[in-house]
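Reading the structure
One letter stands for each residue in the lines below.
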Amino acid sequence: MKGRSSLAYFFASPWIATFGIFWLFPLIFSLYLGFTDYRLLRPEFNWIGLDNFTRLLGDAAFLESLINTFIFVFGTIPLTTVIALLLALLIERGFPGRTLFRAGYFMPSVTSLVVVGLIFSHLFSRGGYIFLLARICGFDPPEYGFLLSSRTALYSIMAMDIWMSAGYYMLLFLAGLKAIPIELYEAAASSGAGKIRQFFHITLPLLKPVALFIIVINTIKSFQIFIEIFVMTRGRYGTSTAVYFIYETGLNRFEFGYASAAAYILFIIIALFSLVQFWLFRKGQIT
């Protein structure tokens, strides 16, 4: 038994070493830097305690980026989840070309975010397809395009994110639907339960674990929104998010200690949100 255990650790050692060097050590060292005034271009740095964290609480740019992040999270997750569930219910019903539709809905989620961001930057620009379509439909789009206005830039990126993500979560819901025994629906139908009652009393309760997984991973992803912001607006026009603030602070202003503190505040927020979601699902508050 001891020999088997040693052999298992031997084969796992490359992963353990990689995890320790590239994940665990940076995680711990970043926490340490959050309590210092470390700057990349200055060799010496000092322990300053909670100064970085208290400074962040009074930093208007950081607070604005947090607000934008919360708007993004609360504005995209409910819509993405509902649309993904509706698409899964639609695809789950048999109709000609179902496989083609399923592949089409899923395709955006496996396309490079940079490529999608560049495409939508053109679509949202002045003279782009979405810009012209808005005018045709009688709307008054911003003069220079949706991404060059603080009124519409963040919401335009949110719409693109919903479009990109819905297909991936649709497949997860579809897998959950396939796992529900057909006998439950047959028994409910024989008892006189209609489609709507079956949906609320069978489908939704049994999809709760899948819904929890989707909401949690989508929450984590949405709080870390960065590539879309970097490619489409560079944080201008009211689109700076928490991760973009960390990027600007650490890699443009080289304030690594300050950026590390901001990163750990975001980490705590994500952890708290995830724990609350698990608690709500366990209590049956979300179905």
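Below, the structure is looked at part by part. (Residues numbered from 1 in each chain as written. Predicted model: local features only at pLDDT ≥ 70, side-chain atom pairs only at ≥ 80, totals over all residues. Heavy atoms only, no water.)

Concerning the overall build of the protein chain
- Counting secondary structure elements, the protein chain contains 13 helices and 0 strands.
- Reading the protein chain from its N end, one meets helices and strands in the order α-α-α-α-α-α-α-α-α-α-α-α-α.
- By principal-axis analysis of the C-alpha atoms, the protein chain measures approximately 75 × 70 × 35 Å.
- A buried classification covers 38% of the 287 residues belonging to the protein chain.
- When contacts within the protein chain are restricted to residue pairs at least 6 apart in sequence, those whose partners lie at least 24 apart make up 66%.
- By element, 70% of the accessible surface of the protein chain is carried by carbon and sulfur atoms, the whole surface being about 16900 Å².
- With 21 positive and 14 negative side-chain charges, the protein chain shows a spacing of 10 Å between the two charge centroids. (Helix = DSSP H or I, 4+ residues; strand = E, 2+ residues; numbered from the N terminus. Buried < 20%, exposed > 50% of the residue type's maximum accessible area, 1.4 Å probe, protein only. Contact = heavy atoms within 4.5 Å. Areas by Shrake-Rupley, 256 points an atom, 1.4 Å probe, with all protein chains shown as cover. Lys, Arg positive; Asp, Glu negative; His and termini not counted. Charge placed at Lys NZ, Arg CZ, Asp CG, Glu CD.)

Describing unusual backbone geometry
- Positive phi outside glycine occurs at Y237, with the angle close to 55°.
- By the element assignment, Y237 lies in the loop between α11 (227-232) and α12 (242-252).
- The exposure class of Y237 is partly exposed, given its relative accessible area of 35%.
- Of note in the backbone geometry, F254 takes a positive phi value of approximately 60° without being a glycine.
- In this fold, F254 is placed in the loop between α12 and α13 (256-283).
- Relative accessible area serves as the criterion here: at 28%, F254 is assigned to the partly exposed category.

A short note on the pattern of salt bridges
- Enumeration according to the criterion identifies 5 salt bridges in this entry.
- R39 serves as the salt-bridge partner of E255, at 3.6 Å between the closest nitrogen and oxygen. Here the residue E255 occupies a position in the loop between α12 and α13, and R39 occupies one in the loop between α1 (2-33) and α2 (51-57), the gap between them amounting to 216 residues.
- By relative accessible area, E255 is classed as buried at 12%.
- Two residues, K221 and D161, come together in a salt bridge whose shortest N-O distance is 3.0 Å. With K221 in helix α10 (residues 208-223) and D161 in helix α7 (residues 153-178), this pair connects stretches of sequence that are 60 residues apart.
- Through salt bridges with shared partners, one network takes in R39, R55, R253 and E255. (Salt bridge = Lys/Arg side-chain N within 4 Å of Asp/Glu carboxyl O.)

What to know about helix α3 (residues 60-92)
- Between its first and last C-alpha atoms α3 spans 47 Å; for 33 residues at 1.5 Å apiece the expected length is 48 Å, and the two agree.
- Two to three positions downstream of the cap, the backbone nitrogen of A61 sits 3.0 Å from a side-chain oxygen, assigning the N-cap of α3 to D59. (Expected span 1.5 Å × (residues − 1). Polar contact = N/O pair within 3.5 Å; in protein donor to acceptor, adjacent residues only side chain to side chain.)

Considering the packing of aromatic side chains
- Evaluated as defined, the whole model comprises 28 aromatic pairs.
- On the basis of an interplanar angle of 55° and a centroid distance of 5.2 Å, the ring pair of F120 and W163 is categorised as tilted. Here F120, found in helix α5 (residues 113-124), pairs with W163, found in helix α7; they are 43 residues apart in sequence, far enough to count as distant.
- With relative accessibility at 11%, the residue F120 sits in the buried group.
- Within the aromatic cluster, the residues linked to one another by ring pairs are F25, F29, Y32, F35, Y38, F45, W47, F53 and F256. (Phe/Tyr/Trp six-rings, centres within 6.5 Å; stacked < 30°, edge-to-face > 60°.)

Observations regarding the nonpolar core
- Formed by 44 residues in total, the largest nonpolar core has its most connected members in L56, F62 and F173.
- Every element with two or more residues in this core is listed here: α2, α3, α7, α8 (182-190), α9 (195-206), α10, α12 and α13.
- Once you skip the residues sitting within four places of it in the chain, L56 turns out to touch F62, L63, F245, Y258, A261, A262 and I265.
- In terms of nonpolar packing, the next biggest core, distinct from the first, is built from 17 residues, F146, L147, M158 and M232 among them. (Core = buried A, V, L, I, M, F, W, Y, C linked by side-chain atoms within 4.5 Å.)

Some thoughts on the environment of S121
- Note on placement: S121 falls in helix α5.
- On the accessibility criterion, S121 (18% relative accessible area) is buried.
- Between the alpha carbons of S121 and T233 there is a distance of 8.6 Å; along the sequence they are 112 residues apart.
- Sequence-distant contacts of S121, that is, excluding residues within four places in its chain, are made with L147, V231 and M232.

Focus on the packing of α3 against α7
- Taken N-terminus to C-terminus, the directions of α3 and α7 make an angle of 40°; their axes are 6 Å apart at the nearest point. Our classification of the angle between α3 and α7 gives oblique. Read as a crossing pair, α3 and α7 show a hand that is right-handed.
- Residue composition of the contact of α3 with α7, grouped by class: 21 nonpolar, 6 polar and 3 charged. (Axes fitted to C-alpha atoms, helices over the stretch in contact; angles between N-to-C directions. Parallel < 35°, antiparallel > 145°, perpendicular 65-115°, else oblique. Left-handed = near helix turned anticlockwise from the far one by under 90°. Nonpolar A, V, L, I, M, F, W, Y, C, P; charged D, E, K, R; others polar.)

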